[in-house]
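In case you want the letters, here they are:
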Amino acid sequence: MDASHPLLIPFDNSYARLPERFYTRQRPTPVAAPALVRLNTGLARELRLDPAALASPEGVAVLAGNTIADGSDPIAMAYAGHQFGSFVPQLGDGRAILIGEVVGRDGTRRDIHLKGAGPTPYSRRGDGRAALGPVLREYIVSEAFAALGIPTTRALAAVTTGEHVYREEPLPGAILARVASSHLRVGTFQFFAARKDTDAIRTLADYAIARHFPELVEGPEKYRGLLSAVIARQASLIARWMHVGFIHGVMNTDNTSIAGETIDFGPCAFMDTYHPSTVYSSVDYAGRYAFANQPAIANWNLVRFAETLLPLLGDTQNEAVAAAQERIDAYPVLFQTAIADGYAAKLGLSQRSADDIPLIQDVLTVKAGGGADFTLTFRTLSDAAENPDHEAALRALFTDASALDDWLVRWRLRLVKENRTPSEIAAGMRAVNPIIIPRNHLVEATIKAAASGDLAPFQRLVDELARPFEDRPGIDDLKRPPQPDEVVHATFCGT
Ligand code: AMP
Ligand code: MG
């Protein structure tokens, strides 16, 4: 133990104070030889944690679940969920344990969760463990999301366990210390709705309101307000995913956060070449969670959420259904507004009008038809806004650029109305069009290197992705799309 850095985690565990049927008290199962892979020192400080203490053997023992820190009250949360459309009345934290909550410097309460911390009563046939690959994937992608400014759970630390996990083959085991605004899911509400436990639904709704939407606490229609607020956050979140070409891959209701954060990065992926029907997840045979389906799936998940709240939404069933329907009906407009606003910014349009919608829709059609890289076309378009000479580089990103020129003429006519200099327009575009994203082939390559003991590519990728909008020397290999032989066609849950 490093006596100069005693580990003090100012836990305040509000969820563990809820009724006992909300969770099961469960300690992590100790592992053989914990070793720190990476600690997110910036996030630790935001949480008022001492990075040096967390990196000490005492801290690593806590991050691995070998030691229960003072004030920690470890629990596995109960939840249910629709998985690929089928309802499963009991899921729950099968391989993750909530060790407690802390209130950060910004006043926000956050969960500290150990993913891969050993079996719980919700593990079903699983071993409660995680392999190094998926842990690093979640670390990379969730931190890249944070840097992109998209609501997300965060990675506080990754540790290896010194043990193997057995999937198709023995793999190095690891644990991710994940931080979330909460782990309340649509599936948490469904757990109690399936049991017709209205008291629990009310308790949970009150908890969610107090924690995430305190402005609703005093209002007369707080449960209706909760539904509207969750709908608004999901509409905004899914639009943000679409703007960066992200495919979550498992948009089940148990992976839908009430706080509106991206959660449970499993077989998720960023698209290279744009096509709306893109699917990467090896288990998504029907393409249910394909890129372009995500807005409609979120809508479906929100209807499931609304159903759980019905007992709280009105004095009669009819009144409750009408109140829910009215709020659900707002989703398409909220989503369309968010998606159009974001794309307008990506195209350099500061004041968006309804007239701009065809221009936005058509850039996607042109890209899809032309086999263009999603990320680089928007970024190169930013360069072309400053200097038309960059149109050649833009064209080079297309396998078929035949439809591009007509679109560029329309876009330039529209930019004239901006009343900003080309440099100003380009700077605004570059601030929303990333130059680097966690491309699949990069993530896979770093995971492969890590499995053979070389963590340097992982560390570098995480470091560089912290500045996604800034072009600079030394990142050429991270900018370019995969070569044909590098393309990753399928991603795996890794459970
Ligand atoms: P996920 O695909 O990560 O969203 O997990 C779906 C459900 O399966 C959750 O209830 C998880 O806790 C559970 N689960 C996934 N992997 C494991 C595992 N290795 N051991 C136990 N439970 C697991
Ligand atoms: Mg999940």
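K.L.:
Help me out: how do you make sense of the coordination of the magnesium ion (ligand 2) in this one?
P.N.:
Octahedral metal centres with six donors ideally show angles of 90 or 180 degrees, and tetrahedral centres with four donors ideally show 109.5 degrees. Taken together, Asn255 (OD1) and Asp264 (OD) make up the full set of protein donors to the magnesium ion (ligand 2), lying 1.9 to 2.1 Å away. By the burial criterion, Asn255 is buried, and Asp264 matches it.

K.L.:
Looking at this model, I keep getting lost on the side chain of Thr120. Mind explaining?
P.N.:
Its location among the elements puts Thr120 in the loop between β7 (109–115) and β8 (130–131). Using a relative accessible area of 9% as the deciding quantity, one classes Thr120 as buried. From its side chain, Thr120 meets the backbone oxygen of Asp93 in a polar contact 2.5 Å long. Ignoring anything within four residues of it in the chain, the contact list for Thr120 reads Gln26, Ala76, Asp93, Gly94, Ala96 and Ile97.

K.L.:
Even after reading the chapter, I still don't get the pattern of salt bridges, so can you show me in this structure?
P.N.:
Side chains that differ in sign of charge can pair as their charged atoms come close. If you walk through the whole model with that rule in mind, you get 41 salt bridges. Taken together, the shared-partner salt bridges in this structure form one network comprising Asp12, Arg17, Glu101, Arg109, Asp111 and Arg211.

K.L.:
How should a nonpolar patch on the surface be read in this particular structure?
P.N.:
A cluster of nonpolar side chains, contributed by Phe84, Val283 and Tyr285, occupies part of the molecular surface with about 330 Å² of accessible area. Its place among the elements puts Tyr285 in the loop between β12 (269–270) and α8 (294–313).

K.L.:
Got a minute to help me understand the site of ligand 1 in this structure?
P.N.:
Taken together, 18 residues lie near ligand 1, and Gly92, Gly94, Arg95, Arg124 and Gly128 sit nearest. Gly94 has a polar backbone atom sitting 2.6 Å from an oxygen atom of ligand 1. Between ligand 1 and Asp264, the relevant distance is 3.4 Å, taken from an oxygen atom to a side-chain nitrogen or oxygen of the residue. Taking 480 Å² as the accessible area of ligand 1 by itself, protein coverage stands at 87%.

K.L.:
What exactly am I supposed to notice about the nonpolar core here?
P.N.:
Here is a general trend for soluble globular proteins: nonpolar side chains tend to be buried in one another's company. Formed by 97 residues in total, the largest nonpolar core has its most connected members in Tyr15, Phe189, Leu226, Leu309 and Trp411. A per-element tally of this core places helix α7 (residues 222–243) first, with 12 residues. Viewed by domain, this core spans two of them, domain 1 (15–183) and domain 2 (187–339), each represented by three or more residues. In this view, Leu226 contacts Phe189, Ala205, Ala208, Ile209, Phe213, Leu216, Phe305 and Leu309; residues no more than four positions away in its chain are not counted. Of all hydrophobic cores here, the second largest spans 28 residues; its members include Leu47, Ala53, Ile97 and Val102.

K.L.:
Please clarify how helix α17 (residues 456–465) should be interpreted in this entry.
P.N.:
Spacing of three or four residues puts side chains on the same side of an α-helix, whose turn is 3.6 residues. Phe458, Leu461, Val462, Glu464 and Leu465 are the residues of α17 that are buried. The elements touched by buried residues of α17 are β2 (35–39), α4 (132–148), α16 (440–451) and α18 (476–479).

K.L.:
Explain unusual backbone geometry to me, please; I cannot follow it from the model alone.
P.N.:
Of all residues except glycine, most have a negative phi; of all peptide bonds, most are trans. Residue Phe84 is not a glycine yet carries a positive backbone phi of 50°. Locating Phe84 in the fold gives a position in the loop between β4 (81–83) and β5 (86–88). The class of Phe84 is partly exposed, set by a relative accessible area of 31%. Despite not being glycine, Lys196 has its phi angle at roughly 50°, a positive value. Tracing the sequence through the fold places Lys196 in the loop between α5 (186–194) and α6 (198–212).

K.L.:
Got a minute to help me understand the environment of His441 in this structure?
P.N.:
Looking at where His441 falls in the secondary structure, it is placed in helix α16. Using a relative accessible area of 8% as the deciding quantity, one classes His441 as buried. With residues up to four places along the chain from it excluded, the contact list for His441 reads Arg480, Pro481, Pro482, Glu486 and Val488.

K.L.:
I'm lost on α7 in this one. Help?
P.N.:
Given a rise of 1.5 Å per residue, 22 residues ought to cover 32 Å, and the 31 Å separating the end C-alpha atoms of α7 matches this to within 8%. Burial runs high along α7: 16 of the 22 residues are buried. Positive backbone phi, approximately 70°, marks Gly245, located one or two places after α7.

K.L.:
Sorry if this is basic, but what is going on with the domain arrangement of the chain here?
P.N.:
Interface size is commonly expressed as the accessible surface area that is lost when the partners come together. When its domains are assigned, the chain resolves into domain 1 (15–183) and domain 2 (187–339). Here domain 1 and domain 2 have C-alpha centroids that lie 23 Å from each other. Contact residues are listed per partner, giving 38 residues for domain 1 and 41 residues for domain 2. Here domain 1 and domain 2 share an interface that buries about 3,300 Å² over both sides, 60% of which is from carbon and sulfur atoms. Between Asp197 and Arg21 there is a salt bridge whose closest N-O contact spans 2.6 Å. Where domain 1 touches domain 2, the interface holds 16 residue pairs in polar contact (both at pLDDT 80 or more). Of all the elements in the fold, those that place two or more residues in the side of domain 1 that touches domain 2 are β4, β7, α4 and β10 (170–180). Counted by class, the side of domain 1 that touches domain 2 contains 17 nonpolar, 12 polar and nine charged residues.

Reading the values: rules and limits
Residues numbered from 1 in each chain as written. Chains lettered and ligands numbered in written order. Predicted model: local features only at pLDDT ≥ 70, side-chain atom pairs only at ≥ 80, totals over all residues. Heavy atoms only, no water. Donors = N, O, S within 2.8 Å, 3.2 Å for Na, K, Ca; no water. Buried < 20%, exposed > 50% of the residue type's maximum accessible area, 1.4 Å probe, protein only. Helix = DSSP H or I, 4+ residues; strand = E, 2+ residues; numbered from the N terminus. Polar contact = N/O pair within 3.5 Å; in protein donor to acceptor, adjacent residues only side chain to side chain. Contact = heavy atoms within 4.5 Å. Salt bridge = Lys/Arg side-chain N within 4 Å of Asp/Glu carboxyl O. Patch = residues over 30% accessible without salt bridge, like charges linked within 9 Å, V, L, I, M, F, W, Y side chains within 5 Å. Areas by Shrake-Rupley, 256 points an atom, 1.4 Å probe, with all protein chains shown as cover. Near = heavy atom within 4 Å. Core = buried A, V, L, I, M, F, W, Y, C linked by side-chain atoms within 4.5 Å. Domains from an automatic or database assignment. Expected span 1.5 Å × (residues − 1). Buried area = accessible area lost by both parts, 1.4 Å probe. Nonpolar A, V, L, I, M, F, W, Y, C, P; charged D, E, K, R; others polar.

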